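Below, each chain spelled out in residue letters.
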Amino acid sequence: MRLSRMYVPTLKDAPADAEVISHKLLVRAGMIRKLTSGIYTFLPLGLKSLNKVKAIVREEMERAGAQEIFMPTVQPGDLWKESGRWEFYGKELLRFQDRHGRDYCLGPTHEEVVTDLLRGEVRSYRQLPLNVFQIQTKFRDEIRPRFGLMRGREFMMKDGYSFDANDAGADESYKAMFEAYKRIFARMGLRFSPVEADSGAIGGSFSHEFMVFADTGEDTIAVCHGCGYAANLEKAEVCAACEPCGETCDAIEDVETPNQHTVEEVAAYLGVTPDRIIKTLLYDVGGEAVAVLVRGDRELNEVKLKNALGAQEDPAMASPEQVREWSGAPVGFAGPVGITVSRILADNELQGGTDYVAGANKGDTHIKHLDLSRDVKVDAFADLRVITESDPCPRCGGALELTKGIEVGHVFKLGTKYSESLGATFLDENGKEKTMIMGCYGIGVSRVVAACIEQNHDKDGIAFPPPIAPYEATVVCLDPRKEDILGKAEEIYEMLRSWGMDVLLDDRDERPGVKFKDADLMGMPMQIVVGGKGLKKGIVEVKDRRAGEKSELPVADLERELGLWRKKVWAGWNLADSADGPEGNR
Ligand code: ATP
Ligand code: MG
């Protein structure tokens, strides 16, 4: 494509609302424009990249046996009422009515629609397994749309769904998607890791998120470089060593702690370290009053709490009124001794510990010399806290690192959650009615473009990996007014196109400085600079955008030299699949 005829409005400055680098660069490089909060138009360059992501996803889905379909964006409210999600999904679900007053929503995901599609028509085990996917616009009315394409309200997702006749089959489908996802992100040239995620009621390792490593990621991942264990923070298991058991301490005693509410305040006031304090956190879990005990220097993990309670609802922090009702004290002074709750849960780490400080369930008062096993009836000890970098790896005991990532994909075994509520059943070999077992598999296609830029940029702009760059190369013609120079640039452009490459020709009537800056900003992996001085010397200059490496190639032997150099640029990316790029057959 000739840049002179393309709509690529590059900008010197980033928009004021752009916080992260991908958002800034996507706008500055003329790839996207905002329509309204969290909703963007893809301009030609942005769409090129998005389409390349889609193509890789599509190819790998088909390779893994999934079939592409296309479902509607507008979904009937009745279907969501049938699955029970009309109530539960909350405000992210954009709801509206048609002229007849019937409820509808814009699809944030398609479990209901796809289950409705297959129920009734898929009646026999012989028609299973089935795996379908689509690449489609999703709408989620996110509470904080931000970071450009990273957390939009309208965004592009690949969502896939598998239906199996039995559990073993569902596990196979899951594994096939897991492997396909690894291939997809490796082919794109991204540095990523699948990480174990919370799989709620299903349990086991049947939920993985695919995380692209980037400092600006919203998610934290615990990674062990020793054994390769990786889990998101919600899931990462803590193997806590118990505090020394068998020690005794004096009887409980009240101490006055006027106006000392927080752990830090109480610790300083009493002259102890925060790890000697037990935090008593009060939760309303579907109407049940629950007290949760964790060490003062630790953080409660609410996902672990929900799982430990076997709760359907998310635990809600008790209101100040509830705190007063259950503990008899204002916020900050609740403690496990004498509190009126229906269950007390404690973190594993507290098992066997003695001589703690805790709230006294009286205003401005704490207790000391608390021995949990002597003074409190703890209903259950469980892994309830957030892992830290000083905890050992739960698999090999090695050192853990906490690092940031961007979730670009998610594979999840759903089980019978939707097939049961929506009645997706079939007849097995013995003519017995059974419920289909489902899995769902998402990729944030538009988020991938942003995540790729978060991972691959420098001070001058984007450095796209070749497989998902809008164009693989930019041919920069320094003086398009001179016929011989433009002619040479066009010749090179046509040659590269004849190799099957996607190429951009910068034939704009602009100063060289502007062209160099834009080429770096837009980030095509290869730059080929054609100018009068070089041609006189018999050379064109090439630059590897990411490595920054430049060289001069002789015009006399350009076809061979450019071919070799292209291979070198590709080799600089750790690309899993040789079906892409110069060695490939595509
Ligand atoms: P998150 O925790 O980031 O909100 P999610 O758990 O809601 O993600 P899923 O429902 O699993 O996400 O959706 C599948 C994929 O869609 C995610 O892995 C992510 O890459 C992408 N995605 C989700 N929400 C958004 C969004 N608001 N904007 C862009 N991409 C998104
Ligand atoms: Mg979300």
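Predicted, not measured: the structure shown is a model, and the values here were computed from it. Every chain begins its residue count from 1, and numbering advances along the sequence as written. The order in which chains are written sets their letters, starting at A; the order in which ligands are written sets their numbers, starting at 1. pLDDT decides what is reported in this predicted model: residues at 70 or higher carry local features, side-chain atom pairs at 80 or more are listed and counted, and totals for whole chains, interfaces and linings draw on all residues regardless. No hydrogens and no water enter the side-chain calculation; it runs on all heavy atoms of the structure.

Novice: What's the story with the site of ligand 1 in this structure? I'm lost.
Specialist: Not every one of the 14 residues close to ligand 1 is listed here, only the nearest: Arg-140, Glu-142, Arg-151, Gly-152 and Glu-407. The contact in question runs from an oxygen atom of ligand 1 to an N or O atom on the side chain of Arg-140, over 2.9 Å. One of the side-chain nitrogen or oxygen atoms of Arg-447 is found 3.1 Å away from an oxygen atom of ligand 1. In short, Shrake-Rupley with a 1.4 Å probe defines the accessible areas, and a residue's cover is counted only from the protein chains shown. Contact with the protein chains hides 81% of the accessible area of ligand 1, taken as 580 Å² for the molecule alone. Elements are defined by DSSP. Helices are runs of H or I of four residues or more, strands are runs of E of two residues or more, and each kind is numbered from the N terminus. When residues of the shell around ligand 1 are assigned to their parent elements, the largest contribution, 4 residues, is made by strand E21 (residues 400-415). Only heavy atoms are used to decide nearness, and a residue is near a molecule or strand if one of them lies within 4 Å of it. Here a polar contact is recorded for every N or O atom pair within 3.5 Å, except that within protein the pair must consist of a potential hydrogen donor and a potential acceptor, and residues adjacent in sequence are included only if both atoms are side-chain atoms.

Novice: Just checking my understanding: could you explain helix H9 (residues 320-327) for this structure?
Specialist: Helical geometry note: an α-helix holds 3.6 residues per turn, so side chains three or four residues apart project in the same direction. Under the scheme applied here, a residue whose accessible area is under 20% of the maximum for its type counts as buried, over 50% as exposed, and between as partly exposed, the area being computed with a 1.4 Å probe on protein chains only. Among the residues of H9, those classed as buried are Gln-322, Val-323, Trp-326 and Ser-327. Down the axis of H9, the smallest arc covering the buried residues is 105°, so these residues share one side. Opposite the packed face of H9, turned more than 90 degrees from it, sit the exposed residues Pro-320, Glu-321, Arg-324 and Glu-325. Residue contacts are defined here by distance: any two heavy atoms, one from each residue, within 4.5 Å place the two residues in contact. Packed against the buried residues of H9 are strand E14 (278-285) and strand E15 (288-295). Of the residues one or two after H9, Gly-328 is the one with positive phi, at around 75°. For this quantity, the arc is that covered by the directions from the helix axis to the C-beta atoms.

Novice: Would you explain the state of the cysteines in this entry?
Specialist: Think of a disulfide as a covalent bridge from one cysteine sulfur atom to another cysteine sulfur atom. Disulfides are defined in this document as cysteine sulfur pairs within 2.5 Å. According to the stated counting rule, one finds 0 disulfides in the structure shown. This cysteine, Cys-227, is not joined by any disulfide, and Cys-393 carries the nearest cysteine sulfur, 3.6 Å off. On the basis of relative accessibility, which here comes to 40%, the residue Cys-227 falls in the partly exposed class.

Novice: In this structure, what is going on with the pairing of strand E1 (residues 32-36)? I would like to understand it.
Specialist: Regular strands place their side chains on alternate faces of the sheet. With 4 bridges connecting them, E1 and strand E2 (residues 39-42) associate as antiparallel partners. Note that in E2 the partner of Lys-34 across the bridge is Tyr-40. Strands pair, by our definition, only if DSSP identifies at least two bridges between them. Adjacent in sequence and paired antiparallel, E1 and E2 are bridged by 2 residues, among which Gly-38 carries a positive phi angle near 75°.

Novice: I would appreciate a short explanation of the packing of aromatic side chains in the present structure.
Specialist: Remark: the centre distance and the inter-plane angle together describe each pair of aromatic rings, the angle taken between the planes. To pair, rings of Phe, Tyr and Trp, with the six-membered ring standing in for Trp, must have centres within 6.5 Å; the planes then decide the type, stacked if under 30 degrees apart, edge-to-face if over 60, and tilted in the middle. On inspection of all chains with the given rule, the structure shows 9 aromatic pairs. Through pairs of rings, three or more aromatic residues link up here, namely Phe-178, Tyr-181, Phe-185, Phe-192 and Phe-210. Taking the ring centre of Trp-86 as reference, the NZ or CZ of Arg-95 above it sits at 4.8 Å. Here, a charge over a ring means that NZ of Lys or CZ of Arg falls within 6 Å of the ring centre while also lying within 35 degrees of the ring normal. Taking NZ or CZ as reference, Arg-276 lies 4.5 Å from the ring centre of Tyr-356, over its face.

Novice: Is there a simple way to explain the sheet that holds strand E6 (residues 103-106) in this structure?
Specialist: Through backbone hydrogen bonds, the strands of a sheet pair up, either in parallel or in antiparallel fashion. On the basis of which strands lie adjacent, the open sheet formed by 3 strands has the order E4-E6-E5 and antiparallel pairing. Single-partner strands in this sheet number two, and they are strand E4 (74-76) and strand E5 (95-97). Here the strands of the sheet are splayed against their neighbours by 40° on average, with no regard to which way each runs. Where E5 meets E6, 3 bridges bridge the pair, whose relative direction is antiparallel. Across the sheet, the residue bridging to Phe-96 is Tyr-104, located in E6. To obtain an axis, a line is fitted to C-alpha atoms, over the contacting stretch when the element is a helix, and the angle between two such axes runs from 0 to 180 degrees between their N-to-C directions.

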